[in-house]
Amino acid sequence: MSIRIRNIPNDDLVALAPRLSGLYIQTGSTDHNGRLVSGNILDAKVMDDGSRIAIKLTRYMNGQHVPDSITVPAGTDPLGRPWHTAVHVREGSDLLAALEAA
């Protein structure tokens, strides 16, 4: 089974969260120890201020899968490019086809 990595704009994570649930993601945000946050996505929603997106996920830490959450920026970076999160998608899945068509 092959895996394809697709960068999805953070703003699209909220709408795609039900379809992405359980897939492995890599965010561009770090935890308090400076490690990039990655894990299996559970849910995503826009924060009240509209400038951040909250992601619930499970991470593998110290030999266990633990629930965690992280906020990632919404919108675009200073150069006008959308902030994005990398999602690992199985080759041949309907989701991969939909992401490539978008």
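Values in this document were obtained by computation on a predicted structure and should not be read as measured data.

Right, let's get into the overall build of the protein. Scanning the protein from N- to C-terminus turns up 2 helices and 6 strands. Walking the protein from its N terminus toward its C terminus, one meets helices and strands in the order β-α-β-β-β-β-β-α. For the protein, the C-alpha radius of gyration of 13 Å lies close to 13 Å, the compact-globule estimate for 102 residues. Dimensions of the protein, computed from C-alpha atoms along their principal axes, come out at roughly 40 × 35 × 20 Å.

Attention now moves to the confidence of the model for the protein. Summing up the model confidence of the protein, the mean pLDDT is 92 and the portion of residues at 70 or higher is 98%. Strand β3 (residues 36-46) holds the highest mean pLDDT among the elements of the protein, 95, whereas helix α2 (residues 94-101) holds the lowest, 82.

Within the secondary structure, Thr-27 sits in strand β2 (residues 24-30). Residue classification places Thr-27 among the buried positions, given a relative accessible area of 5%. Only 3.3 Å separates the side chain of Thr-27 from the backbone nitrogen of Ser-29, close enough to count as a polar contact. A distance of 2.8 Å separates the side chain of Thr-27 from the backbone oxygen of Val-37, its partner in a polar contact. When neighbours within four sequence positions are excluded, Thr-27 is seen to be in contact with Leu-36, Val-37, Ile-55, Ile-70, Val-72 and Thr-85.

Reading the values: rules and limits
- Residues numbered from 1 in each chain as written.
- Predicted model: local features only at pLDDT ≥ 70, side-chain atom pairs only at ≥ 80, totals over all residues.
- Heavy atoms only, no water.
- Helix = DSSP H or I, 4+ residues; strand = E, 2+ residues; numbered from the N terminus.
- Rg over C-alpha atoms; globule rule 2.2 N^0.38 Å.
- pLDDT = per-residue confidence, 0-100.
- Buried < 20%, exposed > 50% of the residue type's maximum accessible area, 1.4 Å probe, protein only.
- Polar contact = N/O pair within 3.5 Å; in protein donor to acceptor, adjacent residues only side chain to side chain.
- Contact = heavy atoms within 4.5 Å.

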